[in-house]
Amino acid sequence: MSLDDLIETRELGWDYASIADGGRPIPGLDGVSVRIRAGEFVGVVGPTGAGKSTLCMALAGIIPNLADGDMRGTVTVAGHDTARTSVAELSLNVGYVQQDPESQLFCASVEDEIAFPLENRGMDPALMDRRIDDVLALVGMGEYRKRVPTSLSGGQMQRVALAAALVAEPDILILDEPTAALDPDGRRDVFAALAAIRSSRAGRNLTVVMAEQDTSHFPGWADRILVLDHGRLVAQGDVGLFDREPDLFARLGVAPPGDGEPTLRVLPADGGGAAADPAIVLDHVTYRYDGSADDESTDNGTSNGPSAPALDDVTCTIPRGAFVGLIGRNGSGKTTLARHLNALLRPASGRVVVDGLDTRTHAVGRMAAHVGFVFQNPDHQIFCASTREEIGFGPRALGRTDAQVRAAVDDMLRLFDLERFADVSPATLGYGDRRIVALASVLAMRTPILVLDEPTAGLDRNLSTKLLDAVAALNRAGTTVIMISHDMRAVANYCTHVMRMDAGRLVEYGRLAHDGQRKERR
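Residues numbered from 1 in each chain as written. Predicted model: local features only at pLDDT ≥ 70, side-chain atom pairs only at ≥ 80, totals over all residues. Heavy atoms only, no water.

Glancing now at the overall build of the protein. Summing up its helical and strand segments, the protein has 16 helices and 21 strands in all. Taken along its principal axes, the extent of the C-alpha atoms in the protein is 75 × 55 × 45 Å. For the protein, the share of sequence-separated contacts (at least 6 apart) that also reach a separation of at least 24 residues comes to 71%. Total accessible area on the protein is roughly 21100 Å²; 49% of this is exposed by carbon and sulfur atoms. (Helix = DSSP H or I, 4+ residues; strand = E, 2+ residues; numbered from the N terminus. Contact = heavy atoms within 4.5 Å. Areas by Shrake-Rupley, 256 points an atom, 1.4 Å probe, with all protein chains shown as cover.)

Okay, structure coming up:
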């Protein structure tokens, strides 16, 4: 390891411990050798399941210290052999943001979350308070200081996790899909925060390792790109690698940086409530969170005093067979609105009628036969002992016959290439695979209405296309689909209608004008 190298892996291999008695270990990384100099910005790309998260965990010391498995080779970070150094000691040099930010947020408030690493370093409380304000302002979360972290939207939780990693001014920042659940403005905010931190370090270089599916920001930022596939380092180079090896990235499902998002043109709603038999009617729907720690709030406002409405007089009619893209900034009310569609939430005023049922008078269990809901976080959804059981649970609960359940399970296992995980607990799979199992378990129910909360976040383009093609096939057969998404390409290619939320209000709704961009799927 040269004096200029801050991070070095030598023939790094990692096999996760078997997740079934008598089963085989699960390969994670195989022979990865990398050197990263102080001050470098390194982007890590590859398909879902390529080993990006495993590499990030190895650089942060989570592997081998806090994970079950077998490590080969060595990892040296800031002069420390990670196999001989505790995660607590490594954290003095390394800030780490996991792919699922919710799993690393545990304090009672956002400010406590940010204060935790500073308290561990013995910082003066007077200085700490100002530092918390500064870092929350950097990530655009200043007004959420008193909120319970897990009451925020997925994108807002990502910002808090990033703030907690930045606040102690680490020498190394390891970021695993930090922008996956962020809107375009939020992605720009993340890179602006990194720029501000890097420019204010009085000559100390911040080393950044960022695993991402969205490569759009790497030009101008990344000094080097590492490409992983099936746990191996298959290519590396400067950002010109995207232009030099287009076939490689197409095969891996990694979108090149220049593959920008389309502009959506939305036509005025066609008659509002004119549909004779609408799938969904939102009639002056207003909802306000009470700010309690138990409230699964996902949107705007703080817990100090009366909060702003999470939904504010939302009215529209969605025709049967529509494929609706529900878009808007993080915290604009999208998930709150979606949770009204299966009675997880009920309006404070107004009414929600779904498949002819008023959600105010029907329980979630009754609505489950009409609305399939795929959560943004798969860990809020999966609970069975095997993937086969997970996929079969919904159809069986709806009263399908054993033969129908078996057929539905086999279809989903085959469609999403999940046969190898059929008898494995889905809770032990990688994040991307857990997302696919959660989706498959809902698609198997074949409900007339399907609600998807950020279904493609963190997935490679090939897997995203397979997923959305399966949804589009159901849509062509008559299923009404509501898809929350920050992926405007997916919205343009698949959706027939767009609903745009802003600060709890529906500011735009209508049919999407495709102008020849959308794939012909109907």
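Still more to cover.
One can find Asp229 in strand E9 (residues 224-229). At 3.4 Å, the side chain of Asp229 forms a polar contact with the side chain of Arg251. Each residue touching Asp229, except ones within four places of it in the same chain, is listed here: Pro47, Ala50, Val234, Arg251 and Leu252. (Polar contact = N/O pair within 3.5 Å; in protein donor to acceptor, adjacent residues only side chain to side chain.)

Moving on to the environment of Asp423. Within the element layout of this structure, Asp423 appears in the loop between helix H13 (402-415) and helix H14 (431-443). Given a relative accessible area of 60%, Asp423 falls into the exposed group. Distance from Asp423 to Ala269, taken between C-alpha atoms, is 47 Å for residues 154 residues apart in sequence. (Buried < 20%, exposed > 50% of the residue type's maximum accessible area, 1.4 Å probe, protein only.)

All right, on to the domain arrangement of the protein then. Taken domain by domain, the protein consists of domain 1 (1-93 + 206-256) and domain 2 (100-169 + 178-203). Between the C-alpha centres of domain 1 and domain 2 there is a distance of 24 Å. On the domain 2 side, the residues contacting the 13 residues of domain 1 number eleven residues. The largest contributions to the domain 1 side of the interface with domain 2 come from Leu206, His217 and Trp221, which together make up 50% of the buried area. At the junction of domain 1 and domain 2, the tally comes to one salt bridge. Here Arg187 makes a salt bridge to Asp214, at a shortest N to O gap of 3.7 Å. Sorting elements by how many residues they give to the side of domain 1 that touches domain 2 places strand E8 (residues 207-211) first, with three residues. (Domains from an automatic or database assignment. Buried area = accessible area lost by both parts, 1.4 Å probe. Salt bridge = Lys/Arg side-chain N within 4 Å of Asp/Glu carboxyl O.)

With that settled, the discussion passes to the sheet that holds strand E20 (residues 497-502). In spatial order, the strands read E11-E21-E20-E14-E19-E18-E17; together these seven strands make up an open sheet with mixed pairing. The strands lining the two open edges of the sheet, one partner per strand, are strand E11 (265-266) and strand E17 (371-374). One ladder, built from two bridges, connects E11 with strand E21 (residues 505-513); its direction is antiparallel. Opposite Val266, over in E21, you have Leu512 as the bridge partner. Packed on one face of the sheet, H14 meets E17 and strand E18 (449-453) and runs near 180° to E17. (Pairing = 2+ DSSP bridges. Axes fitted to C-alpha atoms, helices over the stretch in contact; angles between N-to-C directions.)

What follows covers the nonpolar core. Core analysis: the biggest nonpolar cluster contains 47 residues, and Ile114, Leu173, Leu194 and Val227 have the highest contact counts within it. The biggest single contributor to this core is helix H6 (residues 154-166), with eight residues. Both domain 1 (1-93 + 206-256) and domain 2 (100-169 + 178-203) contribute no fewer than three residues apiece to this core. Among the nonpolar cores identified, the runner-up in size contains 46 residues, and Val409, Ala440, Val442 and Ala490 belong to it. (Core = buried A, V, L, I, M, F, W, Y, C linked by side-chain atoms within 4.5 Å.)

With that settled, the discussion passes to the packing of helix H12 (residues 387-397) against H14. Interaxial distance between H12 and H14 falls to 7 Å at its minimum, and their mutual angle equals 35°. H12 and H14 meet at a crossing whose hand is right-handed. Along its contact with H12, which presents Thr387, Glu390 and Ile391, the element H14 presents Val437, Ala440 and Ser441. Grouping the amino acids of the contact of H12 with H14 by side-chain chemistry returns three nonpolar, two polar and one charged. (Left-handed = near helix turned anticlockwise from the far one by under 90°. Nonpolar A, V, L, I, M, F, W, Y, C, P; charged D, E, K, R; others polar.)

That bond from Ile63 to Pro64 is cis: its omega, 10°, falls within 30 degrees of zero. For Pro64, the location among the structural elements is in helix H2 (residues 62-65). We note that Ala78 has phi near 50°; this positive angle belongs to a residue other than glycine. Position of Ala78 among the secondary structure elements: in the loop between strand E4 (69-77) and strand E5 (80-81).

On to the environment of Val110. Locating Val110 in the fold gives a position in helix H4 (residues 110-120). As a C-alpha pair, Val110 and His230 span 120 residues in sequence and 37 Å in three-dimensional space. For Val110, the contacting residues outside a window of four places in its chain are Leu136, Tyr144, Arg145, Arg147, Pro149, Leu152 and Val160.

Here we take up the sheet that holds strand E12 (residues 280-287). The four strands lie next to each other as E13-E12-E15-E16, forming an open sheet whose pairing is antiparallel. Every other strand in the sheet has two partners, leaving strand E13 (311-318) and strand E16 (357-358) as the edge strands with one partner each. Across two bridges, strand E15 (residues 349-354) lies against E16 in antiparallel orientation. Counterpart to Val354 in the pairing with E16 is Leu357.

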